[in-house]
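# Coordinate inspection notes
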Amino acid sequence: MFRFVVRLLAVLVVLVIVLVGGIFLISGERLAKIAGDRITSMSGREVTLSGSLSPQLFPNLGVRTGGFEIAGTSGDAPLISGEALSVGVDLWALVSGRIDVQEVTLVGPGVTLIKDADGRGNWATGGAGAASDASGESSARDISLAELSVQNGTLRYLDAVAGTDLSLQNIDVSASMPTAQSPLIASLSLQSGGQTATADIEVAGLSDLLAGETSGVSLDARVGKNSLVFAGDAAADGRLNGEFAAVLPTPGALMALSGGAQTPVPAAFLPLEASGSLAVSSARIDIAGGAYRFGENRLQGPVSVTLGDVPFVAAAFNANALDLSFLAAEEGSATEDAAPADGTGWSRDPIDASGLSLLDADVQIEASSIDFGTTQLKDVSLSLTIEHARA
């Protein structure tokens, strides 16, 4: 998807040259038809431009469209659609063989990502445009972007396999990369589930990423009072290596943002914090030198997650004194609520253990002491193993 967008940007620049060349010879409606056909042939995607095109010669060589649609590789919904699109490039840079994009503005763009029951995404590259991948990657090293603006965009993600239907609204993006060697600096904001998320992103070498190499990246994201900071290296295939820190005083806001219900988290568990060295690949997630906090309790230790149909979590935590006394009060309240009507014996309500099927795990915890409220333990070693939904 990312490489397709960059390749499409290069196509739009070529389009600007072609259209402005015919500015005095062809009507705006005719230019729109030619433009749509040209982008379709170069990108391998069906492209429709509605209304007329308005080319400009000064101060930059450019063109502005009316509504536009870019088809996905499957499904009826367009991959990208919008109210207007404008592109401007530096004429003198083009004469010198460089592509200096001065402006790309998308007004009201809507992105619809669909994964079908077979796991195929409508954003996957292919078709006529696939053959141009190599040239697209090499030309991307010569592209600069003075200003990118996305105004009032939307994104919807539908996953038939996982049953996911996530919608993001009011997406605003501002980005710039003044020269091909400059870092890409971007900021964005969006809304979902009544929550607002913001992020500041810096990519040290975008052209390196497009060439399949690694690049330095940084992220500072916030949802309400929650924050996530990352600094390290990233690759185009999704690999990450670097340092991260997450502070979650109100984790319910994250649940709402992702489309889930805001499950209450006991106040004694808050804030939630995690930091360490993060390594992510398609096969596993590792945290080295991890430091974690829930409420006033702190733990240290490595965590690894092996990804698959049933993820496997391995962790080894060390802690000093852990205070879990708040669990005793909650357990007492829950027992009273679920006790039989005659007030004797344990509750006969069945225990829902279906959550154990979500993962396998091997978790070790060593603590100098644990306070359970009614019981205090010293020099504790705990072991939790989950295998095939059995603990």
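Residues numbered from 1 in each chain as written. Predicted model: local features only at pLDDT ≥ 70, side-chain atom pairs only at ≥ 80, totals over all residues. Heavy atoms only, no water.

### Concerning the overall build of the protein chain
The helix and strand inventory of the protein chain stands at 7 helices and 22 strands. Across the 391 residues in the protein chain, those meeting the buried criterion constitute 36%. Excluding contacts between residues fewer than 6 apart, the proportion of contacts in the protein chain whose partners are at least 24 apart in sequence is 47%. Of the roughly 20900 Å² that the protein chain leaves accessible, carbon and sulfur atoms contribute 57%. (Helix = DSSP H or I, 4+ residues; strand = E, 2+ residues; numbered from the N terminus. Buried < 20%, exposed > 50% of the residue type's maximum accessible area, 1.4 Å probe, protein only. Contact = heavy atoms within 4.5 Å. Areas by Shrake-Rupley, 256 points an atom, 1.4 Å probe, with all protein chains shown as cover.)

### Digging into the packing of aromatic side chains
Using the criterion set out here, one finds 3 aromatic pairs in the structure. Summarising the aromatic geometry, the rings of Phe 269 and Phe 326 are spaced 5.1 Å apart at their centres and angled 75 degrees between planes, so their arrangement reads as edge-to-face. Placement of Phe 269 in the loop between helix 6 (252-257) and strand 16 (272-280) and of Phe 326 in helix 7 (residues 326-338) is noted, with a sequence separation of 57 residues between them. Chaining the aromatic ring pairs together yields one cluster made of Phe 269, Phe 294 and Phe 326. (Phe/Tyr/Trp six-rings, centres within 6.5 Å; stacked < 30°, edge-to-face > 60°.)

### As for the environment of Leu 228
Relative to the helices and strands, Leu 228 resides in strand 14 (residues 226-235). Taking C-alpha positions, Leu 228 is 9.8 Å from Glu 273, a pair spaced 45 residues apart along the chain. Those residues within four positions of Leu 228 in sequence are excluded, and the remaining contacts are Leu 219, Asp 220, Ala 221, Phe 244, Ala 245 and Ala 246.

### Things to note about the nonpolar core
Considering soluble globular proteins, one finds that nonpolar side chains tend to be buried as a cluster. Counting residues in each nonpolar core, the largest one holds 60 residues, and the members touching the most others are Val 104, Val 303 and Phe 317. Not counting residues up to four positions away in its chain, the partners in contact with Phe 317 are Tyr 292, Leu 299, Gln 300, Val 303, Val 363, Gln 364, Ile 365 and Glu 366. (Core = buried A, V, L, I, M, F, W, Y, C linked by side-chain atoms within 4.5 Å.)

### Overview of the pairing of strand 13 (residues 214-223)
As a general feature of sheets, a regular strand has side chains that alternate between the two faces. Note: strand 12 (residues 195-203) against strand 13, 7 bridges, orientation antiparallel. What sits directly across from Ala 197, in strand 13, is Val 223. Where strand 13 and strand 14 come together, 10 bridges link them in antiparallel fashion. The residue of strand 14 that forms the bridge with Thr 214 is Ala 235. Linking strand 13 to strand 14, which pair antiparallel, is a turn of 2 residues; within it Gly 224 sits at a positive phi near 60 degrees. (Pairing = 2+ DSSP bridges.)

### Focus: the pattern of salt bridges
As enumerated under the stated definition, the model contains 8 salt bridges in all. Asp 118 is the partner of Arg 120 in a salt bridge, and the nearest nitrogen-oxygen pair spans 3.4 Å. For Asp 118, a relative accessible area of 57% corresponds to the exposed category. With a shortest N-O distance of 2.7 Å, Arg 156 and Asp 165 are connected by a salt bridge. With a relative accessible area of 37%, Arg 156 lands in the partly exposed category. Salt bridges sharing common partners tie together Asp 116, Asp 118 and Arg 120. (Salt bridge = Lys/Arg side-chain N within 4 Å of Asp/Glu carboxyl O.)

### Things to note about the pairing of strand 4 (residues 68-71)
Every second residue of strand 4 is oriented toward a common face, the buried set being Phe 68 and Ile 70 and the non-buried set Glu 69 and Ala 71. Pairing between strand 1 (residues 47-49) and strand 4: 3 bridges, direction antiparallel. Within the sheet, the bridge partner assigned to Thr 48 lies in strand 4 and is Glu 69. With 4 bridges joining them, strand 4 and strand 5 (residues 78-82) adopt antiparallel strand pairing. Considered in strand 5, the bridge of Glu 69 is made with Ser 81.

### Examining the side chain of Asp 116
Its location among the elements puts Asp 116 in the loop between strand 8 (110-115) and helix 4 (133-140). Exposure remark for Asp 116: the relative accessible area of 19% places this residue in the buried category. At 2.9 Å, the side chain of Asp 116 forms a polar contact with the backbone nitrogen of Asp 118. Only 2.8 Å separates the side chain of Asp 116 from the backbone nitrogen of Arg 120, close enough to count as a polar contact. If near-sequence neighbours (up to four positions away) are discounted, Asp 116 is found in contact with Ala 160 and Val 161. (Polar contact = N/O pair within 3.5 Å; in protein donor to acceptor, adjacent residues only side chain to side chain.)

That's the geometry; what it means functionally is another story.
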